[in-house]
Amino acid sequence: MHSKKKNLIISIIIIGVVVVLVFIAGTFYRFQDQHAITKQSLKTMLNSFEDISSITYDYSRVGRFDDSLGVQDWKNPNPKGYFLMTYRGDMEIGVKPELAKITIADQKISIDMGQIQILSHHINKDSLEVYDESANVFTKVKLKEYQAFQTSQKKQVEEEEKVKGTYQQVAKRIRKQISTALKANDSIREKYHLEVIVGK
């Protein structure tokens, strides 16, 4: 009788231990799943990096133009028809996180963010000023064909910045920013070799 009771107690203890072990194992694997690095989890991280995936570049320009530009309500004092005009603009240069191509193989994560792009570009319409030689001052002006002026100047500025290496500098900076942000994740930092590619 005592033997049966003892065996029953042992069985209950064993069952209790098994239940506890199963609970612990389940909790561990759920924890692992929550912290697993997958393409989807990386996509989610990258999409939250919108603020560091682009850089706003402010610039100012001085150009030589002629009367064919069509300045409103301003008489050019230069008999040759040429004048200097300044303007300011801004470009947002960067990549689109949603287009990133992600590869996870063994202990390596490779993320190709694609080519650097001009995400937006504006020339401040109210920043246009012509140099009035007769008064030695800059005067704010408006143009009759502002859209045509903006289109041609934006194209020119974008080409100039490309030649100057601005896109390369931006690509390097964004690559570093994204790498640093991803490595803030313990699992990525401790378990994977991370490669972030940003095209120039």
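Small disclaimer: the values here were computed from a predicted structure and weren't measured.

## Considering the overall build of the protein chain
What the protein chain contains, in helices and strands, is five helices and eight strands. Along the protein chain, helices (α) and strands (β) appear in the sequence α-α-β-β-β-β-β-β-β-α-α-α-β when read from the amino end. Within the protein chain, the proportion of its 200 residues that are buried is 32%. Of the roughly 13600 Å² that the protein chain leaves accessible, carbon and sulfur atoms contribute 54%.

## Section: the packing of aromatic side chains
Scanning the model with the defined rule gives seven aromatic pairs in all. Ring geometry for Tyr-131 against Phe-138: centres 5.2 Å apart, planes inclined by 50°, an arrangement best described as tilted. For Tyr-131, a relative accessible area of 22% translates into the label partly exposed. Residue classification places Phe-138 among the partly exposed positions, given a relative accessible area of 43%. One aromatic cluster is present, built from ring pairs that chain together Phe-65, Trp-74, Phe-83, Tyr-87, Tyr-146 and Phe-149. Positioned above the aromatic ring of Tyr-82 is the side chain of Arg-64, whose terminal nitrogen or guanidinium carbon lies 4.1 Å from the ring centre.

## A word on the nonpolar core
Counting residues in each nonpolar core, the largest one holds 41 residues, and the members touching the most others are Leu-46, Met-85, Ile-111, Met-113, Ile-116, Phe-149 and Leu-182. Of all the secondary-structure elements, those providing two or more residues to this core are helix H2 (39–47), strand E1 (54–66), strand E2 (82–94), strand E4 (108–115), helix H3 (146–164), helix H4 (166–182) and strand E8 (193–199). Per-element tally for this core: the top contributor is H4, with six residues. Excluding anything up to four places from it in sequence, Leu-46 contacts Pro-97, Ala-100, Ile-102, Ile-111, Met-113, Ile-178 and Leu-182.

## Concerning H3
Each α-helix turn comprises 3.6 residues. Residues three or four places apart therefore point the same way. The first and last C-alpha atoms of H3 sit 26 Å apart over 19 residues, in line with the 27 Å expected at 1.5 Å per residue. For H3, the set of buried residues is Tyr-146, Phe-149, Gln-150, Gln-153, Val-157 and Glu-161. One side of H3 carries all its buried residues, which in axial view fall inside an arc of 90°. Opposite the packed face of H3, turned more than 90 degrees from it, sit the exposed residues Gln-147, Thr-151, Lys-155, Lys-162 and Val-163.

## Re the sheet that holds E4
With respect to topology, three strands assemble into an open sheet ordered E3-E4-E8, the strand pairing being mixed. Since the sheet does not close on itself, it has two edges, and those belong to strand E3 (101–105) and E8, each with one partner. Between one strand axis and the next, the sheet turns by 10° as a mean value, whatever way the strands run. As paired elements, E3 and E4 share five bridges and run antiparallel to each other. Bridging across to E4, Lys-101 finds its partner in Asp-112. Together, E3 and E4 form the strand contacts of H2, whose direction differs from that of E3 by roughly 140°. Against the sheet, H4 engages E4 and E8, with an angle of about 150° to E8.

## Quick look at the environment of His-122
Locating His-122 in the fold gives a position in strand E5 (residues 117–123). Remark: the alpha-carbon pair of His-122 and Thr-151, spanning 29 residues in sequence, is separated by 9.7 Å. With sequence-adjacent residues up to four places away left out, His-122 is seen in contact with Tyr-59, Gly-89, Asp-90 and Gln-150.

## Quick look at the pairing of strand E7 (residues 137–140)
Two strands pair when backbone bridges link them, and strand E6 (residues 129–132) and E7 are joined in this way by four bridges, in the antiparallel orientation. Each bridged residue has a counterpart across the sheet, and for Val-130 the counterpart in E7 is Thr-139. Between E6 and E7, which pair antiparallel one after the other, the connecting turn spans four residues, and Asn-136 there sits at a positive phi close to 60°.

## Describing the confidence of the model for the protein chain
On average, the protein chain scores 84 in pLDDT, and the residues at 70 or more come to 82%. Averaged over each element, pLDDT in the protein chain is lowest for helix H1 (residues 2–34) (47) and highest for E5 (95). Overall, residues 16–34 carries pLDDT values under 50, and its contacts beyond four positions in sequence, including any with other chains, amount to zero contacts.

Definitions and limits used
Residues numbered from 1 in each chain as written. Predicted model: local features only at pLDDT ≥ 70, side-chain atom pairs only at ≥ 80, totals over all residues. Heavy atoms only, no water. Helix = DSSP H or I, 4+ residues; strand = E, 2+ residues; numbered from the N terminus. Buried < 20%, exposed > 50% of the residue type's maximum accessible area, 1.4 Å probe, protein only. Areas by Shrake-Rupley, 256 points an atom, 1.4 Å probe, with all protein chains shown as cover. Phe/Tyr/Trp six-rings, centres within 6.5 Å; stacked < 30°, edge-to-face > 60°. Lys NZ or Arg CZ within 6 Å of the ring centre and 35° of its normal. Core = buried A, V, L, I, M, F, W, Y, C linked by side-chain atoms within 4.5 Å. Contact = heavy atoms within 4.5 Å. Expected span 1.5 Å × (residues − 1). Arc of directions from axis to C-beta. Pairing = 2+ DSSP bridges. Axes fitted to C-alpha atoms, helices over the stretch in contact; angles between N-to-C directions. pLDDT = per-residue confidence, 0-100.

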